[in-house]
Amino acid sequence: MDGENSSEHGDREQIVEEMLSRLTLDDKLSLLAGKGLFRTRSLAQLGLPAMKLVDGPRGIGWHSSLRRCTAFPTGIALGASWNPDLAGEFGVAMAREAIAVGAHVLLGPAVNICRTPLNGRTFEYLTEDPLLNCRLAVPLVRGIQSQGIAACIKHFAVNNQEAQRSRITVQVSERALREIYLPVFEAAVREADVWSVMAAYNGVNGDACCENGDLLQQRLRREYGFRGFVVSDWFAARRTRSGASCLKAGLNLEMPLGGLRYRRASLLREFKQGDFTAQEVDAALAPLLRVWSRTATVSRAAGQRNTPAHQELAYRMAAESITLLQNANQALPLDDTCQRIAVLGPRASKRNCRPLYGGSAGVWSPYEITPLQGIRDALGPGCRVVEDPSRADAAIVFAGLGHRVHGDCEGRDRQTMRLPAEQEQLIRETAAANPRTIVVLVSGSPLEMDWAEDVAAILMAWYPGMEGGRAIADIVFGKVNPSGKLPVTFPRSLGDSPAHGSERQYPGDSATVHYDEGVFVGYRHFDREHLDVLFPFGHGLSYTSFTCRDLAVNAHWQPGETLTVALKLENTGAVAGAEVVQLYLAPQAPRVPRPPQELKAFQKVFLQPGEIREVEFRLEEKALAYWCEQTNAWRCDPGQYALRLGASSRDTRLSSSVLYG
Ligand code: BGC
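Just so we're clear, the structure is a prediction, and the values are computed from it rather than from any experiment.

Student: Can you break down the pairing of strand E21 (residues 577-587) residue by residue, with the values?
Tutor: Burial runs high along E21: 11 of the 11 residues are buried. Because side chains alternate across E21, one face comprises the buried residues Gly577, Glu579, Val581, Leu583, Leu585 and Pro587, and the other comprises Ala578, Val580, Gln582, Tyr584 and Ala586, equally buried. As defined by bridge partners, E21 adjoins strand E22 (residues 598-607) across 9 bridges and the pair is classed as antiparallel. The residue bridging valine 581 from the neighbouring strand is glutamine 603, located in E22. When E21 meets strand E26 (residues 639-648), the two strands line up antiparallel, connected through 6 bridges. In the sheet register, glutamine 582 faces E26, and the bridge partner there is glycine 646.

Set out below in structure tokens:
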């Protein structure tokens, strides 16, 4: 396992062998299910305390720890930061908070691909793009596990909607699995040696994830080399056929309580019937004991919760993820000439960091700076908040969905991509009253905005966590230069979305959801269809300007070699800021239908005014590959590929082309 040298690894295997040899069959069966809502049994004869599992992806859930903890911005905000280092820091901080509440397993990161903007859990997930997903999830897992506790990457797999999540099976092609939905899990195993994986509620190609041998044994263990344990999502095993079928498929732990399929008495009955063997029980238990024995040694004293450092990290994450979508006439930032600022809208003083807000990703923080409070605290001398936008120098409308009433919540999907009608009306009325109207969206998923042209500026704040109000205010007043970039496309309307071509694609037909769009998910679809979008994948403005030049790349790419791409990036504006240089690869004459372009590398670069930096990317050959359904293998076709470097998927600043083969 990660962090273990080969002799420690050998020792660990010996410990597991010894443990197994000291347990009766009855003991073993009783360990395969949990005991409480968020813990397993303890095992006195082996000196193992109960293993405690806590949510979640954006901080430690009150419902699982009964403690207030730091509420960081949610997953989609981390996605918008495009900053792998920040993901790593976040992982370390979350693990320390988990340790402080006595946990051994952190139920995160949550990494399902954002396939439909309606998914109630979009706010928890990172992105629609597999590469961005991998590059953030890997350091996040490493960060968590560097502290000696297990990350639990979830939800494996293809859990992309909440509507009927436990009833549906997803019908998805091998190619889409390989290119879009599974890379993040594979990377978490291969690159970060993740110690646990959560099997999702839904089924994939016929079998429920908890009894899906293709996913859990064939891919996860045999192909990727996973050595940790698979835990069911809470009550997810309910939809399976039997304990034996879960056990044979590779489910190691059923949660919560005493289990349904893994209830000791029913497992014993199945065993006596000969439905599975004692060796199969050992094979199921060994990975669990491996992680359990390892995490049991972590001392609670090493934990840290609600520290100033974590709060400062929550602030930095918010500041780096808030995304400036539109900024006509440089409406933002507000300067000293703005003395009267109208602050309006239902999200201005709403708190989002509360128990179960949004579902299991909810965190109850010791405090939360609301947007209104953030603005008030940051007001310059003589400046004040007013109510009437027609008598203000600028108006800020805080709009958005919230976790409770309108969506952005586990367990159900949103009904529409629009804001509630009264909020749209407020935006329009404010814009009519004040030309310097700024809309700040506190929300976790794409929104339709047919009011966008009426307002001057739009800032996507996501769910920015307990320090969010401060980060928003610092961006509004120009103390911080926004550097977030969209990790998902904002389509003009829901019907443009790839998953919304028919009912069979979403929400599904007779409990089957057909992923007919194949690999054409997110911008891969919008680009193929040449659709105008509201804001493209990768988009995000800054208060400064950047210039890219001097692109250097070979004209030939020899098979077996890596391709080096270099360019210079200059901050040509007056303030410091960060640009995310994005590299897209576009096959020029593909032999099979392929996305017109795909993100293959990116780098977030911070520059002082006038500073120039050389940016270099190295592309592995795999960057060219697609999954060939004829040969059932990755394939790199010879031919011409365009390289596009830019500030979003639709803002190419430099381009070149390379001949591969
Ligand atoms: C969610 C998981 C979560 C678990 C435990 C389930 O409802 O899908 O993401 O970790 O509950 O709270």
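Student: Describe the sheet that holds strand E23 (residues 612-619), naming the residues involved and giving the relevant values.
Tutor: Across the sheet, 3 strands lie side by side as E18-E20-E23; this open sheet has antiparallel pairing. The sheet terminates laterally at strand E18 (546-553) and E23, the two strands that pair on one side only. Across the sheet, the mean angle separating the axes of adjacent strands is 25° when strand polarity is ignored. Relative to strand E20 (residues 563-571), E18 runs antiparallel, the two being bridged by 6 bridges. Paired with alanine 552 across the bridge in E20 is alanine 566.

Student: Before we move on, can you summarise the pattern of salt bridges with the specific residues and values?
Tutor: A side chain of one charge can pair with a side chain of the opposite charge when the charged atoms of the two come close. For the structure on display, the rule yields 47 salt bridges. Note that lysine 28 and aspartate 282 form a salt bridge whose closest N and O atoms lie 2.9 Å from each other. Here lysine 28, found in helix H2 (residues 25-31), pairs with aspartate 282, found in helix H12 (residues 278-295); they are 254 residues apart in sequence, far enough to count as distant. Among the residues examined, aspartate 282 registers a relative accessible area of 24% and is labelled partly exposed. In this structure, the salt-bridge partner of lysine 154 is aspartate 55, at a minimum N-O distance of 3.3 Å. Here lysine 154 is found in strand E3 (residues 150-156), whereas its partner aspartate 55 is found in strand E1 (residues 53-55), with 99 residues between them in sequence. Exposure class is identical for lysine 154 and aspartate 55. Each is buried. Salt bridges sharing common partners tie together Arg418, Glu424, Arg428, Glu448, Asp450 and Asp454.

Student: Help me get a handle on the sheet that holds strand E27 (residues 651-660), residues and values and all.
Tutor: The 5 strands lie next to each other as E19-E27-E26-E21-E22, forming an open sheet whose pairing is mixed. Strands at the two margins of the open sheet, each flanked by one partner only, are strand E19 (556-557) and E22.

Student: Outline the site of the ligand, supporting the account with residue identities and numerical values.
Tutor: In the neighbourhood of the ligand, 13 residues make up the surrounding shell, with Asp55, Arg121, His155, Asp233 and Glu410 lying closest. Aspartate 233 places a polar side-chain atom, nitrogen or oxygen, 2.7 Å from an oxygen atom of the ligand. Computed on the free molecule, the ligand has an accessible area of 310 Å², of which 93% lies beneath the protein chains in the complex. Looking at the shell around the ligand residue by residue, the classes come out as 5 nonpolar, 2 polar and 6 charged.

Student: Give me the lowdown on the state of the cysteines, citing residues and values where you can.
Tutor: Under the counting rule described, the total for this entry stands at 0 disulfides. Cysteine 152 forms no disulfide, and the closest cysteine sulfur to it belongs to cysteine 210, at a distance of 11 Å. We note that cysteine 636 lacks a disulfide partner, and the nearest cysteine sulfur, in cysteine 628, lies 11 Å from it.

Student: Could you give me a rundown of the packing of helix H5 (residues 84-100) against helix H13 (residues 308-321), with the residues and numbers involved?
Tutor: Across the interface, H5 lies against H13 with an axial gap of 11 Å and an inter-helix angle of 145°. Remark: the crossing between H5 and H13 carries left-handed chirality. For the pair H5 and H13, contact is made by Leu86, Glu89, Phe90, Ala93, Arg96 and Glu97 and by His310, Leu313, Arg316, Met317 and Glu320, respectively. Tallied by class, residues from the contact of H5 with H13 come to 5 nonpolar, 1 polar and 5 charged.

Student: Kindly report on a positive patch on the surface, identifying the contributing residues and their values.
Tutor: A surface patch of positive charge is lined by Arg68, Arg351, Arg354 and Arg404. In this structure, arginine 404 sits in the loop between strand E12 (394-400) and helix H15 (421-433). The exposure class of arginine 404 is exposed, given its relative accessible area of 55%.

Student: So what's going on with helix H1 (residues 6-22)? Which residues, and what values?
Tutor: Here H1 contains 17 residues, and its C-alpha end-to-end distance of 24 Å stays within 8% of the 24 Å for a straight helix at 1.5 Å per residue. Every buried residue of H1 is listed here: Arg12, Val16, Met19 and Leu20. Looking straight down H1, one finds that the buried residues subtend no more than 100° of arc, so they occupy a single side. For H1, the exposed residues set more than 90 degrees away from the buried face come down to Ser6, Glu17, Ser21 and Arg22.

Student: So what's going on with the environment of valine 592? Which residues, and what values?
Tutor: Among the structural elements, valine 592 can be located in the loop between E21 and E22. Classification of valine 592 by relative accessible area gives partly exposed; the value is 21%. Look past the residues within four positions of valine 592 in its chain and what remains in contact with it is Arg175 and Tyr626.

Student: Describe the packing of aromatic side chains, with residues and values.
Tutor: Under the defined criterion, the tally for this structure stands at 15 aromatic pairs. Here tryptophan 82 and phenylalanine 602 contribute two aromatic rings whose centre-to-centre distance is 5.1 Å and whose plane-to-plane angle is 80°, an arrangement assigned as edge-to-face. Of this pair, tryptophan 82 sits in the loop between helix H4 (75-81) and H5 while phenylalanine 602 sits in strand E22, and the two are 520 residues apart along the sequence. Chaining the aromatic ring pairs together yields one cluster made of Trp82, Tyr523, Phe537, Tyr584 and Phe602.

Student: For the side chain of serine 64, give the residues involved together with the corresponding values.
Tutor: By the element assignment, serine 64 lies in helix H3 (residues 62-65). Only 3.1 Å separates the side chain of serine 64 from the backbone nitrogen of aspartate 55, close enough to count as a polar contact.

Student: Provide a residue-level description of the environment of glycine 469, including the pertinent values.
Tutor: For glycine 469, the location among the structural elements is in helix H16 (residues 468-476). C-alpha separation for the pair glycine 469 and alanine 318, spaced 151 residues apart in sequence, amounts to 9.1 Å. Contacts of glycine 469, omitting those with residues within four sequence positions, involve Ile369, Thr370, Pro371 and Gly374.

Student: Pulling in residues and values, what's your account of the nonpolar core?
Tutor: Phe156, Tyr181, Val194, Trp234 and Leu289 are the most contacted members of the largest nonpolar core, which has 123 residues in total. Tryptophan 234 has contacts with Leu37, Phe38, Leu53, Leu107, Met198, Tyr201, Met255 and Pro256, leaving out every residue within four places of it along the chain. By size, the runner-up hydrophobic cluster in this structure holds 68 residues, among which are Cys114, Phe123, Leu324 and Phe490.

Student: Describe a nonpolar patch on the surface, naming the residues involved and giving the relevant values.
Tutor: A cluster of nonpolar side chains, contributed by Leu37, Phe235, Leu257 and Leu260, occupies part of the molecular surface with about 320 Å² of accessible area. One can find leucine 260 in the loop between helix H10 (243-249) and helix H11 (264-272).

Procedures and definitions
- Residues numbered from 1 in each chain as written.
- Predicted model: local features only at pLDDT ≥ 70, side-chain atom pairs only at ≥ 80, totals over all residues.
- Heavy atoms only, no water.
- Buried < 20%, exposed > 50% of the residue type's maximum accessible area, 1.4 Å probe, protein only.
- Helix = DSSP H or I, 4+ residues; strand = E, 2+ residues; numbered from the N terminus.
- Pairing = 2+ DSSP bridges.
- Axes fitted to C-alpha atoms, helices over the stretch in contact; angles between N-to-C directions.
- Salt bridge = Lys/Arg side-chain N within 4 Å of Asp/Glu carboxyl O.
- Near = heavy atom within 4 Å.
- Polar contact = N/O pair within 3.5 Å; in protein donor to acceptor, adjacent residues only side chain to side chain.
- Areas by Shrake-Rupley, 256 points an atom, 1.4 Å probe, with all protein chains shown as cover.
- Nonpolar A, V, L, I, M, F, W, Y, C, P; charged D, E, K, R; others polar.
- Disulfide = S-S within 2.5 Å.
- Left-handed = near helix turned anticlockwise from the far one by under 90°.
- Contact = heavy atoms within 4.5 Å.
- Patch = residues over 30% accessible without salt bridge, like charges linked within 9 Å, V, L, I, M, F, W, Y side chains within 5 Å.
- Lys, Arg positive; Asp, Glu negative; His and termini not counted.
- Charge placed at Lys NZ, Arg CZ, Asp CG, Glu CD.
- Expected span 1.5 Å × (residues − 1).
- Arc of directions from axis to C-beta.
- Phe/Tyr/Trp six-rings, centres within 6.5 Å; stacked < 30°, edge-to-face > 60°.
- Core = buried A, V, L, I, M, F, W, Y, C linked by side-chain atoms within 4.5 Å.

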